[in-house]
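Listed here are the chains, written in short residue letters.
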Amino acid sequence: MKKLFLLFNSMLFSIICLTSCLEGNNETTGQALGVFSAYGGKNFNPVFISNVGNVYSPNMSSLMEDERCYFITYKFQSDLPENSAAMVAANGYATVTILDRQELDSYPLMSYRSDTSTVLLDETPLISGYVSGGISYVPGYLFLQHSVRQASDARLDWEMSYDYSTTPTIESGMRYYDVFLRATIKVEGTKSAEDVSYLNAYHVDNFLTNAAYNEKAYLENSGSYNANSSKFTLRINYVSAINDTQITWTRSSVDLNIYTFILSSEGSYLSK
């Protein structure tokens, strides 16, 4: 189980994770994430996304495995011929050198919800199911940052699900696309407890693009759709406390741009 300690948070996300710092007149370093594919395809692409645009490295194939999710640190050199404005525009990405990579754990999004009133075997509560700003999307995959208090050498397993029959949830006139996040202890730790941050990838397939199209149709019917600003709400429900057999659920919501997900379904690799 890959975990990123909270001191690493400055490197993570703001709807797409990444910071970039100046190393010299022609070099910058930054972070990006993506799903590597040696063969291409709708949900996999050798182009990774960052908040300064799409990036690609020729040595990805020697460093990464097919259909795996990665968080990378890279170096960008603006004076390379392949990074001229014309080439970047033609290719749709900047060419970078990978300095470091970390494979991220990936989990499926299940279309049936486990019993939310029953504690799972070895279940552990979360500090946060969604760290503010800790979210990004690559077509087919939702990347989320969570936090939990645990022994630093413990390992967790994760479950994300939704109820197909009740999606979207309508409350007080508001429409929500609910997912339910739970964590169980896979390996007990022996060290003292501390706050730990996880960055996981969830294979949501068409869940979010279907939500975007659904909300677009709903807003169009009501005459309130705006392609530039209309959003839909993803609501992340997570277990925040366990007292014997009693579970406390907490919710965090994030608004996502409808048009972005419609574009992504057509092959554009965008965040937010």
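Residues numbered from 1 in each chain as written. Predicted model: local features only at pLDDT ≥ 70, side-chain atom pairs only at ≥ 80, totals over all residues. Heavy atoms only, no water.

Undergrad: In this structure, what is going on with the nonpolar core? I would like to understand it.
TA: As a rule of thumb, soluble globular proteins bury nonpolar side chains together. Core analysis: the biggest nonpolar cluster contains 35 residues, and Trp158, Phe207, Leu208, Phe232 and Leu234 have the highest contact counts within it. Among the elements that take part in this core, helix 3 (residues 207-222) stands out by supplying five residues, more than any other. Met60, Ile72, Tyr74 and Ile98 belong to the second-largest nonpolar core, a separate cluster that totals 13 residues. (Core = buried A, V, L, I, M, F, W, Y, C linked by side-chain atoms within 4.5 Å. Buried < 20%, exposed > 50% of the residue type's maximum accessible area, 1.4 Å probe, protein only. Helix = DSSP H or I, 4+ residues; strand = E, 2+ residues; numbered from the N terminus.)

Undergrad: Please clarify how the side chain of Glu215 should be interpreted in this entry.
TA: The residue Glu215 is located in helix 3 in this model. At 2.8 Å, the side chain of Glu215 forms a polar contact with the side chain of Arg175. (Polar contact = N/O pair within 3.5 Å; in protein donor to acceptor, adjacent residues only side chain to side chain.)

Undergrad: How should I be thinking about unusual backbone geometry in this particular structure?
TA: Among all residues save glycine, negative phi is the norm, and among peptide bonds the norm is trans. Look at the link from Thr167 to Pro168: it is a cis peptide, with omega at 0°. Within the secondary structure, Pro168 sits in the loop between strand 12 (155-161) and strand 13 (169-171). Of note, the phi angle at Asp122 is positive, near 65°, even though the residue is not glycine. Its location among the elements puts Asp122 in the loop between strand 8 (106-110) and strand 9 (123-124). Looking at Asp122, the relative accessible area reads 43%, which means it is partly exposed. The phi dihedral of Asp205 falls on the positive side, at around 55°, and the residue is not glycine. Here Asp205 shows up in the loop between strand 15 (193-203) and helix 3.

Undergrad: Any chance you could explain the packing of aromatic side chains here in plain terms?
TA: Aromatic rings considered in pairs are described by the distance between their centres and by the relative angle of their planes. With the rule as written, the count across this model stands at eight aromatic pairs. With a centroid separation of 5.9 Å and an interplanar angle of 85°, the aromatic rings of Tyr177 and Phe232 are classed as edge-to-face. Of this pair, Tyr177 sits in strand 14 (residues 174-187) while Phe232 sits in strand 16 (residues 231-243), placing them 55 residues apart in sequence. Clustering of aromatic rings is evident, with ring pairs tying together Tyr137, Tyr177, Phe232 and Phe261. The ring of Phe180 carries the charged tip of Arg113 above its face, separated from the ring centre by 4.7 Å. (Phe/Tyr/Trp six-rings, centres within 6.5 Å; stacked < 30°, edge-to-face > 60°. Lys NZ or Arg CZ within 6 Å of the ring centre and 35° of its normal.)

Undergrad: Explain the side chain of Thr124 to me, please; I cannot follow it from the model alone.
TA: With respect to the helices and strands, the residue Thr124 is situated in strand 9. Each residue touching Thr124, except ones within four places of it in the same chain, is listed here: Val148, Leu156, Ala183, Thr184, Ile185 and Ile242. (Contact = heavy atoms within 4.5 Å.)

Undergrad: Honestly, the pairing of strand 16 in this entry has me stumped. Any pointers?
TA: It is a general feature of regular strands that their side chains alternate between the two faces of the sheet. Judged from the six bridges that link them, strand 14 and strand 16 form a sheet pairing that is parallel. Among the inter-strand pairings, Tyr176 is bridged to a residue of strand 16, identified as Thr233. Bridge analysis of strand 16 against strand 17 (residues 246-257) gives twelve bridges, and the strand direction is antiparallel. Paired with Lys231 across the bridge in strand 17 is Asn257. Taking the residues between adjacent antiparallel strands as the criterion, strand 16 and strand 17 are bridged by two residues, where Asp244 takes a positive phi near 60°. (Pairing = 2+ DSSP bridges.)

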